[in-house]
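One-letter residues, chain by chain:
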Amino acid sequence: MPQPLSTDVLILGGGIAGLWLNASLRRQGFATLLVENASLGGGQSVKSQGIIHGGAKYALHGALTGASEAIADMPRRWREALAGNGELDLTGVRLLSDAHYLWSPGTLAGNLTSFFASKAVRGRVDQVKGDALPPALQHPKFKGKVYRLAELVLDVPSLIARLADLAGDGLLAAREVEPLLEEGLLAGLRLDGREVRAQRIVLSAGAGNQALLHALGLQQPAMQRRPLHMVMVKAPSLKPLYAHCLGGGPKPRVTVTSHPAADGQWVWYLGGDLAEADGVARNETEQIAAAEQELRQLLPWIDLSAAQWATLRVDRAEPAQSGLVRPDNAFLSEHGRLLVGWPTKLALAPDFTDRVLAALARDGVAPSSHAPLPALPRPPLAQPAWEELLG
Ligand code: FAD
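A quick note: this is a predicted structure, and the numbers were derived from the prediction, not measured. (Residues numbered from 1 in each chain as written. Predicted model: local features only at pLDDT ≥ 70, side-chain atom pairs only at ≥ 80, totals over all residues. Heavy atoms only, no water.)

1. A few points about the overall build of the chain
So, point 1. In terms of regular secondary structure, the chain is built from 9 helices and 19 strands.
So, point 2. In summary, the chain has a C-alpha radius of gyration of 22 Å against a globular reference of 21 Å for 391 residues, a match within 12%.
So, point 3. Taken along the three principal axes of its C-alpha coordinates, the chain extends 70 × 45 × 40 Å.
So, point 4. Per-residue burial over the chain gives 54% buried out of 391 residues.
So, point 5. If you take every contact in the chain between residues at least 6 apart in sequence, the share linking residues at least 24 apart comes to 72%. (Helix = DSSP H or I, 4+ residues; strand = E, 2+ residues; numbered from the N terminus. Rg over C-alpha atoms; globule rule 2.2 N^0.38 Å. Buried < 20%, exposed > 50% of the residue type's maximum accessible area, 1.4 Å probe, protein only. Contact = heavy atoms within 4.5 Å.)

2. Some words on unusual backbone geometry
So, point 1. Residue Pro221 is bonded to the preceding Gln220 through a cis peptide linkage, with omega at 0°.
So, point 2. Here Pro221 is to be found in the loop between helix H5 (209-215) and strand S13 (223-235).
So, point 3. Phi is positive for Asp192, close to 50°, though the residue is something other than glycine.
So, point 4. Inspection of the secondary structure assignment puts Asp192 in the loop between strand S11 (185-191) and strand S12 (194-203).
So, point 5. Under the relative-accessibility criterion, Asp192 is labelled partly exposed at 41%.
So, point 6. The backbone of Thr344 sits at a positive phi, close to 70°, despite the residue not being glycine.
So, point 7. Within the secondary structure layout, Thr344 lies in the loop between strand S19 (338-342) and helix H8 (349-362).
So, point 8. Residue class for Thr344 comes out buried when judged on its relative accessible area of 12%.

3. Topic: the domain arrangement of the chain
So, point 1. Domain boundaries assigned for the chain yield domain 1 (5-45 + 159-224 + 320-390) and domain 2 (53-155 + 227-317).
So, point 2. The straight-line distance from the C-alpha centre of domain 1 to that of domain 2 is 29 Å.
So, point 3. Counting residues at the interface gives 33 residues for domain 1, matched by 39 residues for domain 2.
So, point 4. The junction of domain 1 with domain 2 conceals about 3,000 Å² of combined surface from both sides, 64% of it contributed by carbon and sulfur atoms.
So, point 5. Area buried by domain 1 at its contact with domain 2 is led by Leu159, Trp386 and Leu390, which between them contribute 25% of it.
So, point 6. Measuring nitrogen to oxygen at the nearest pair gives 2.8 Å for the salt bridge that ties Arg77 to Asp354. (Domains from an automatic or database assignment. Buried area = accessible area lost by both parts, 1.4 Å probe. Salt bridge = Lys/Arg side-chain N within 4 Å of Asp/Glu carboxyl O.)

4. So, the site of the ligand
So, point 1. Taken together, 34 residues are adjacent to the ligand, and Glu36, Gln44, Ser45, Ile51 and Ala347 come closest.
So, point 2. In the environment of the ligand, an oxygen atom lies 2.6 Å from a nitrogen or oxygen atom belonging to the side chain of Ser45.
So, point 3. One of the backbone nitrogen or oxygen atoms of Leu346 is found 3.0 Å away from an oxygen atom of the ligand.
So, point 4. Coverage of the ligand by the protein chains reaches 94% of its 1,000 Å² of free accessible surface.
So, point 5. Within the residue set of the shell around the ligand, elements represented by two or more residues are helix H1 (16-27), strand S2 (32-36), S13 and strand S17 (308-319).
So, point 6. Among the residues making up the shell around the ligand, the classes are represented as 14 nonpolar, 16 polar and 4 charged. (Near = heavy atom within 4 Å. Polar contact = N/O pair within 3.5 Å; in protein donor to acceptor, adjacent residues only side chain to side chain. Areas by Shrake-Rupley, 256 points an atom, 1.4 Å probe, with all protein chains shown as cover. Nonpolar A, V, L, I, M, F, W, Y, C, P; charged D, E, K, R; others polar.)

5. A word on the environment of Gln308
So, point 1. With respect to the helices and strands, the residue Gln308 is situated in strand S17.
So, point 2. Sequence separation between Gln308 and Leu33 is 275 residues, and the spatial gap between their C-alpha atoms is 40 Å.
So, point 3. Setting aside its immediate chain neighbours within four residues, Gln308 contacts Met232, Val233, Lys234 and Leu390.
So, point 4. Among the polar contacts made by the side chain of Gln308, one reaches the main-chain carbonyl oxygen of Leu390 at a distance of 3.2 Å.

6. Section: H8
So, point 1. With 14 residues, H8 should reach 20 Å at 1.5 Å per residue; the first-to-last C-alpha distance of 20 Å fits that figure.
So, point 2. Within H8, burial applies to Ala349, Pro350, Asp351, Phe352, Thr353, Val356, Leu357, Ala359 and Leu360.
So, point 3. Trailing H8 by a residue or two, Gly364 shows a phi angle of about 70°, which is positive. (Expected span 1.5 Å × (residues − 1).)

7. So, the pairing of strand S5 (residues 100-104)
So, point 1. Counting buried residues in S5 gives 5 out of 5 residues, a clear majority hidden from the surface.
So, point 2. Going residue by residue along S5, you find His100, Leu102 and Ser104 tucked away on one face and Tyr101 and Trp103 tucked away on the opposite face as well.
So, point 3. Strand direction decides the pairing type here: S5 and strand S14 (residues 243-246), joined by 3 bridges, are parallel. Among the inter-strand pairings, Tyr101 is bridged to a residue of S14, identified as Ala243. (Pairing = 2+ DSSP bridges.)

8. Let's talk about the side chain of Arg77
So, point 1. Structurally, Arg77 is set in helix H2 (residues 74-83).
So, point 2. A distance of 2.8 Å separates the side chain of Arg77 from the side chain of Asp354, its partner in a polar contact.
So, point 3. Non-local contacts of Arg77, meaning those with residues more than four positions away in its chain, are made with Glu87, Pro350 and Asp354.

9. A few points about the environment of Gly50
So, point 1. Tracing the backbone through its elements, the reader meets Gly50 in the loop between S2 and strand S3 (51-52).
So, point 2. Separated by 28 residues in sequence, Gly50 and Trp78 place their C-alpha atoms 12 Å apart.
So, point 3. What Gly50 contacts, discounting residues up to four positions off in sequence, is Leu152, Val153, Leu154, Val156 and Leu346.

Okay, here's the thing in structure tokens:
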């Protein structure tokens, strides 16, 4: 039988939520062990668009009232971490863009007027023109208006790699999870047969939380999955673009982010309304045709003749929505020693960590001493989907 281990906080799931929490706890002197059953970042995190939202998008449909400032503060917290003077040292993580843009392809639509009138947005957006436009929009045929949002876009694979470094020796690849009970109470977990005792256990396994809760005999909190059908296009002609293109509705018609492929070309990753309900109902061929039509209509000067296309189906995992859950907050629920949650956004990983730290502080859980960890099987880093699908 493998050697039993003990730690202060045992974390299940190595996406952004678990990895950020793990690095923060270690920085505060806690002993931690993070368990991953597949690849680090390979759930939603490396498949995300990497936008560090400040909440401006929600003002489009009035969901951000200004009452919760958690998301509004995220770009600052991430910026400080990237500069090496924040709560974590994320120097070396690649910043893809220091701004995300809002792009209205036609005349100023009604929803944009109310958007700019909203309190959440005032002072946070500037119109850009000419040379200041994103490179992909600098063309004589481009009409429309573009606004710069003070939001960042990150290269998520480099972020996950940095957080895995900050985890030091505290990563464990394991698949089988069983409760470890002492006097009827949860004392830890049995991971691939290895006993691990901990003061607290945090489930941050994204879509995997539901199965873990069931394995531990719990039904709550309920989880929901929101399916998306994303599109990737790689072509030598593509230049970087990070923008929400607005349509008539409350959601961006298409959200474009650009990611460097290993062969030096740019991959455009397309989400927004294109990837939601109608997009989910389309098969891969239909979804690619819909995306191509959008790009040809919005950016007719871009040469897509040598483009490679692929789609990616992925679910967002979140707490089942109730009136209490807001899009601009992470979610955490507590069951004795067990904490379970979802950041609901990559950008909100620091908010998720705040909530765990607050629960530990309230319960007087402090760093204690443990035997050093032995060499453990280490989970691999996830590869970006475009390398696998557009290779
Ligand atoms: P995940 O990243 O899913 O990580 C969970 C991890 O747990 C995985 O590595 C998984 O393998 C592991 N796991 C599962 N079960 C077990 C188990 N039993 N034992 C051990 N490990 C387990 N948010 C933004 O802020 N900005 C964006 O631009 C953005 N774009 C997005 C685009 C898409 C297409 C999607 C799907 C989401 C996007 N999001 C974005 C949301 C964001 O990606 C997620 O909210 C965030 O990544 C969730 O992180 P997580 O750590 O909770 O989950």
